Amino acid sequence: MKSSEIVQPTKSTLEKKLQQLESSIGNTPLREISNLLPDSSNVRIFAKLEWKQLGGSVKSRPAFHIIRDAILNGQLTSDKELLDASSGNTGIAYAHIGSRLGIPVTLCLPENASPERKQILRDLGTNLILTSRDGGTDEAQEIAEKLYNENPDRYYYADQYNNKSNWNAHYLSTGPEIMEQTYGQVTHFIAGLGTTGTFTGTGRFLKEAKPGIRLISLQPDLPLHGLEGWKHLETAHIPGIYDPSIADENREVSTENAYEVVKLAKDLEQLEISPSSAANLAGALKLADELEEGVIVTVLPDDGSKYIDLLKELLK
Ligand SMILES: Cc1ncc(COP(=O)(O)O)c(C=O)c1O
């Protein structure tokens, strides 16, 4: 047979576009946070700057993997709309990826999501269904599920709270990046819980790669809090992907403490970060204070650009 007669399997247009997108997802820098620690400390803190990727937040990782896996297994076809509930960042990530792939996105979002988030989503052409402030992301999830059950042929329901591609995204990317960027020296990983994908996937990978590591999960200290993206699991729906056996320890962070760290990060590290990023850093700083030595890694899910009014108030 002549080589010109060999027929290569053709990839669908969507699969080709997915491949092109992959290089814009993840691979974020690991930044040392040294100015918030006393000079005498033998502990080092490193943070993944997760806004430095397409869509501007950590949620591009799960959004990309959820969409890719659904396309590859035939659940998300070009005649369907992607539907999910989100507190904002996953929605923004879906919208960026969806607009590149030509997939329409419908999102159920609590009405108190920051005005900046809602505007970004509208500008990206997302169909927004606003749900009540009091119902939070739990109600947004119930409404998305109801919409899907009423129109199963119209939507692919991504269901980030129960979709294993969410944590798997971090297992395949965030975890390996941390091992590589710290040359395997990471001793502690600490991060907050929302859908729990970041902590579950990264923690699962790191524990397998380095069994001696300590994994610490963080939650808001109160059911009503200002840490957008985080869940108070005692009083909220527990995401199906949450695995309580992964954390060696669970801790709480107050919104006030996070706000203090927003200010410290700006003054001492020249970083303008979101409340949930600051809460992760607050957890890392408290841990550093208790340790003799160690290499703590956390993630900063997004920067301050979606919280302009709040930061103006905090940083004045
Ligand atoms: C700003 C922010 N921080 C933290 C998280 C929590 O991450 P995960 O959902 O992976 O638990 C989210 C999730 O939406 C978020 O948007």
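Residues numbered from 1 in each chain as written. Predicted model: local features only at pLDDT ≥ 70, side-chain atom pairs only at ≥ 80, totals over all residues.

**Describing the sheet that holds strand β5 (residues 127–131)**
In step 1: Strand order in the open sheet formed by four strands is β5-β4-β3-β6, with parallel pairing between adjacent strands. Edge positions in the sheet fall to β5 and β6 (155–157), since each of these pairs with one other strand and no more. For this sheet, the mean angle separating the axes of adjacent strands, direction not counted, is 25°.
In step 2: By the bridge criterion, five bridges tie strand β4 (residues 105–110) to β5 in an arrangement that is parallel. Note that in β5 the partner of Leu 107 across the bridge is Leu 128.
In step 3: Contacts between helix α3 (residues 89–101) and the sheet are confined to β3 (81–85) and β4, with β4 contributing the most and set at about 165° to the helix.
In step 4: Packed on one face of the sheet, helix α5 (residues 136–150) meets β3, β4, β5 and β6 and runs near 150° to β3. (Pairing = 2+ DSSP bridges. Helix = DSSP H or I, 4+ residues; strand = E, 2+ residues; numbered from the N terminus. Axes fitted to C-alpha atoms, helices over the stretch in contact; angles between N-to-C directions. Contact = placed C-beta atoms within 7 Å.)

**Some words on the pairing of strand β2 (residues 42–49)**
In step 1: Sheet analysis places strand β1 (residues 30–32) next to β2, joined by three bridges and oriented antiparallel. Across the sheet, the residue bridging to Arg 31 is Ala 47, located in β2.

**Points about the environment of Leu 315**
In step 1: Following the sequence through the fold, Leu 315 ends up in the segment after α10 (308–314).
In step 2: The class of Leu 315 is exposed, set by 12 C-beta atoms lying within 10 Å.
In step 3: Through-space distance from the C-alpha of Leu 315 to that of Leu 271 is 12 Å; in sequence the pair is 44 residues apart.
In step 4: Residues in contact with Leu 315, not counting those within four places in the same chain, are Lys 263 and Lys 266. (Buried ≥ 20, exposed ≤ 12 C-beta atoms within 10 Å, placed from the backbone.)

**Remarks on the site of the ligand**
In step 1: Not every one of the 19 residues close to the ligand is listed here, only the nearest: Asn 89, Gly 194, Thr 195, Thr 198 and Gly 229.
In step 2: Going through the elements one at a time, α3 and α7 (197–209) are the ones with two or more residues in the shell around the ligand.
In step 3: A class-by-class count of the residues in the shell around the ligand yields four nonpolar, 12 polar and three charged.
In step 4: If you count residues domain by domain, the shell around the ligand takes at least three from each of domain 1 (13–53 + 166–314) and domain 2 (60–157). (Near = placed C-beta within 6 Å. Nonpolar A, V, L, I, M, F, W, Y, C, P; charged D, E, K, R; others polar. Domains from an automatic or database assignment.)

**Considerations on the packing of helix α6 (residues 164–181) against α7**
Packed helix pairs are characterised by how far apart their axes lie and by the angle those axes make with each other.
In step 1: Two elements in contact, α6 and α7, have axes whose closest approach is 7 Å; the angle formed by their N-to-C orientations is 50°. Between α6 and α7, the interaxial angle falls into the category oblique. Judged by the sense of rotation from one axis to the other, the crossing of α6 with α7 is right-handed. Counting all contacts with α6, which are made through Asn 166, Trp 167, Asn 168, Ala 169, His 170, Tyr 171, Thr 174, Gly 175, Pro 176, Ile 178 and Met 179, the residues of α7 involved are Gly 197, Thr 198, Thr 200, Gly 201, Thr 202, Arg 204, Phe 205, Leu 206 and Ala 209.
In step 2: Here the residues of the contact of α6 with α7 are counted per class, giving nine nonpolar, 10 polar and one charged. (Parallel < 35°, antiparallel > 145°, perpendicular 65-115°, else oblique. Left-handed = near helix turned anticlockwise from the far one by under 90°.)

**Section: the sheet that holds strand β10 (residues 293–300)**
In step 1: One open sheet holds the six strands; their spatial order is β1-β2-β10-β7-β8-β9, and the pairing between them is mixed. Lying at the two open borders of the sheet, with one neighbouring strand each, are β1 and β9 (249–253). Across this sheet, the average inter-strand angle for adjacent strands is 25°, counted without regard to direction.

**A short note on the domain arrangement of the protein chain**
Often, the extent of an interface is quoted as the loss of accessible area upon association of its parts.
In step 1: For the protein chain, the domain assignment lists domain 1 (13–53 + 166–314) and domain 2 (60–157).
In step 2: For domain 1 versus domain 2, the distance between C-alpha centres works out to 23 Å.
In step 3: Counting residues at the interface gives 24 residues for domain 1, matched by 20 residues for domain 2.
In step 4: Elements represented by at least two residues in the side of domain 1 that touches domain 2 include exactly α1 (13–22) and α6.
In step 5: Sorting elements by how many residues they give to the side of domain 1 that touches domain 2 places α6 first, with six residues.
In step 6: Among the residues making up the side of domain 1 that touches domain 2, the classes are represented as nine nonpolar, 10 polar and five charged.

**Details of the nonpolar core**
In step 1: Membership of the largest hydrophobic core comes to 48 residues, with the highest contact counts inside it found for Ala 258, Ala 278 and Leu 281.
In step 2: Elements supplying a minimum of two residues to this core: β2, α6, β7 (188–192), α7, β8 (214–220), α8 (255–269), α9 (275–290) and β10.
In step 3: In terms of residue count, α9 provides more of this core than any other element does, eight residues in total.
In step 4: Non-local contacts of Ala 278, meaning those with residues more than four positions away in its chain, are made with Ala 258, Val 261, Val 262, Ala 265 and Ile 273.
In step 5: Counting 31 residues, the second largest nonpolar core, distinct from the first, contains Leu 76, Leu 83, Cys 108 and Leu 121. (Core = buried A, V, L, I, M, F, W, Y, C linked by C-beta atoms within 7 Å.)

**Observations concerning α8**
In step 1: For α8, which comprises 15 residues, the first-to-last C-alpha distance of 20 Å matches the rise-based estimate of 21 Å (1.5 Å per residue) to within 8%.
In step 2: Along α8, the residues classified as buried are Ala 258, Tyr 259, Val 261, Val 262 and Ala 265. Down the axis of α8, the buried side of the element spans an arc of 160°, and every buried residue falls inside it. Along α8, exposed side chains directed more than 90 degrees from the buried face belong to Glu 256 and Asp 267.
In step 3: Looking at the packing, one finds that the buried side of α8 touches β9, α9 and α10.
In step 4: Residue Gln 270 follows α8 closely and has a positive phi angle near 55°. (Expected span 1.5 Å × (residues − 1). Arc of directions from axis to C-beta.)

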